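Letter by letter, the chains look like this.
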Amino acid sequence: KAGVTQTPRYLIKTRGQQVTLSCSPISGHRSVSWYQQTPGQGLQFLFEYFSETQRNKGNFPGRFSGRQFSNSRSEMNVSTLELGDSALYLCASRPDSTSTYEQYFGPGTRLTVT
Amino acid sequence: GENVEQHPSTLSVQEGDSAVIKCTYSDSASNYFPWYKQELGKRPQLIIDIRSNVGEKKDQRIAVTLNKTAKHFSLHITETQPEDSAVYFCAAQKTDKLIFGTGTRLQVFP
């Protein structure tokens, strides 16, 4: 099976702009989670989608949003970008079976805000 | 709220020595505890995990122990090798939410 893919891999934006990142989960996986990774803060949970519904949400401002499509692909959007949004954004997918919790991570999108 | 503390933040060992990384979680309802290894510039990858009905699990040089009463779990790497150098993250999961520790940068010197 192909792994989790994310596009784009690198992105440079300026303050005030908005950005959309995409994540394609492993085939058959219905749950997609998003994380922000920065050197000082580790892996911070953004949100999780399952069957096109947001199931969990982390402690991020409303500028961070996401959605999931019927094919389980997910997008996250950040509006009104701030310098502090510069980070590696990782998505992870899993089957969402009650007996399987392992999450598989994508390669990430490195966002730089100038 | 849910919280996972991880220590130490950095760890340097000589090749062949053992390394131990410890995590503490706050929510007693957590029932799944994975460990991820992230090499520089790469994605986190699962190296071992343990569920709350098990106290210890071993996979070759890697082992994880879980103390549910104390809400502690630890990663043990024996006979460390330079390729073990990476950042290691512990995590605790309750229902569908996975909370990560802040990571431990392990350096193994030859």
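Because the structure is predicted, anything quoted here is derived from the model rather than measured.

Participant: Explain the pairing of strand β10 (residues 97-100) of chain B to me, please; I cannot follow it from the model alone.
Facilitator: All names here are of chain B. Here β10 shows two buried faces, one formed by Lys97 and Ile99 and the other by Leu98 and Phe100. Across four bridges, the pairing between strand β9 (residues 86-94) and β10 is antiparallel. When the sheet's bridge partners are listed, Gln93 is paired in β10 with Leu98. What sits between β9 and β10 in their antiparallel hairpin is a turn of two residues, with Thr95 showing a positive phi close to 50°.

Participant: Before we go on, may I ask you to explain the sheet that holds strand β3 (residues 19-24) of chain A in this structure?
Facilitator: Hydrogen bonds between backbone atoms are what pair the strands of a sheet, whose relative direction is either parallel or antiparallel. All names here are of chain A. The sheet built from four strands is open, its strands ordered β1-β3-β8-β7 with antiparallel pairing. Where the open sheet ends on each side, the last strands, each with one partner, are β1 (5-7) and β7 (64-68). Here the strands of the sheet are splayed against their neighbours by 20° on average, with no regard to which way each runs. In the sheet, β7 pairs with strand β8 (residues 74-78) via five bridges, with the strands oriented antiparallel. Bridge pairing links Ser65 to Asn77 in β8.

Participant: Explain the interface of chain A and chain B here, please?
Facilitator: Interface size is commonly expressed as the accessible area that is lost once the parts come together. Listed per partner, the contact involves 22 residues of chain A and 16 residues of chain B. Among the residues of chain A in contact with chain B, Leu43(A), Tyr101(A) and Phe105(A) are the three that bury the most area, contributing 37% of the side total. Remark: the boundary between chain A and chain B carries zero salt bridges. Taken together, the links from chain A to chain B amount to three residue pairs in polar contact (both at pLDDT 80 or more). Secondary structure elements with two or more residues in the side of chain A that touches chain B: β4 (31-38), β5 (42-50), β6 (53-57) and β9 (87-94) of chain A.

Participant: What is the right way to read the nonpolar core from this model?
Facilitator: When a protein is soluble and globular, its nonpolar side chains tend to lie buried together. Ranked by internal contacts, the top residues of the largest apolar core, which has 24 residues, are Trp35(B), Phe73(B), Leu75(B) and Leu106(B). Every residue in contact with Leu75(B), bar those within four places of it in the chain, is listed here: Ala19(B), Val20(B), Ile21(B), Trp35(B), Ile47(B), Ile48(B), Ile62(B), Ala63(B) and Tyr88(B). In terms of nonpolar packing, the next biggest core, distinct from the first, is built from 21 residues, Leu21(A), Phe47(A), Phe60(A) and Phe64(A) among them.

Participant: When you look at unusual backbone geometry in this model, what are you seeing that I'm missing?
Facilitator: Apart from glycine, the bulk of residues carry a negative phi angle, and the bulk of peptide bonds sit in the trans form. At the junction of Thr7(A) and Pro8(A), the peptide bond is cis and its omega measures out at -10° in the coordinates. Turning to its location among the elements, Pro8(A) is positioned in the loop between β1 and β2 (10-13). Put simply, His7(B) and Pro8(B) share a cis peptide bond, and its omega is -5°. Despite not being glycine, Gln60(B) shows a phi value in the positive range, around 55°. Structurally, Gln60(B) can be placed in the loop between β6 (56-59) and β7 (62-67). Gln60(B) gets classed as exposed once you look at its relative accessible area, which sits at 71%. Positive phi outside glycine occurs at Lys71(B), with the angle close to 55°. Turning to its location among the elements, Lys71(B) is positioned in the loop between β7 and β8 (72-77).

What counts and how
Residues numbered from 1 in each chain as written. Chains lettered and ligands numbered in written order. Predicted model: local features only at pLDDT ≥ 70, side-chain atom pairs only at ≥ 80, totals over all residues. Heavy atoms only, no water. Buried < 20%, exposed > 50% of the residue type's maximum accessible area, 1.4 Å probe, protein only. Helix = DSSP H or I, 4+ residues; strand = E, 2+ residues; numbered from the N terminus. Pairing = 2+ DSSP bridges. Axes fitted to C-alpha atoms, helices over the stretch in contact; angles between N-to-C directions. Contact = heavy atoms within 4.5 Å. Buried area = accessible area lost by both parts, 1.4 Å probe. Salt bridge = Lys/Arg side-chain N within 4 Å of Asp/Glu carboxyl O. Polar contact = N/O pair within 3.5 Å; in protein donor to acceptor, adjacent residues only side chain to side chain. Core = buried A, V, L, I, M, F, W, Y, C linked by side-chain atoms within 4.5 Å.

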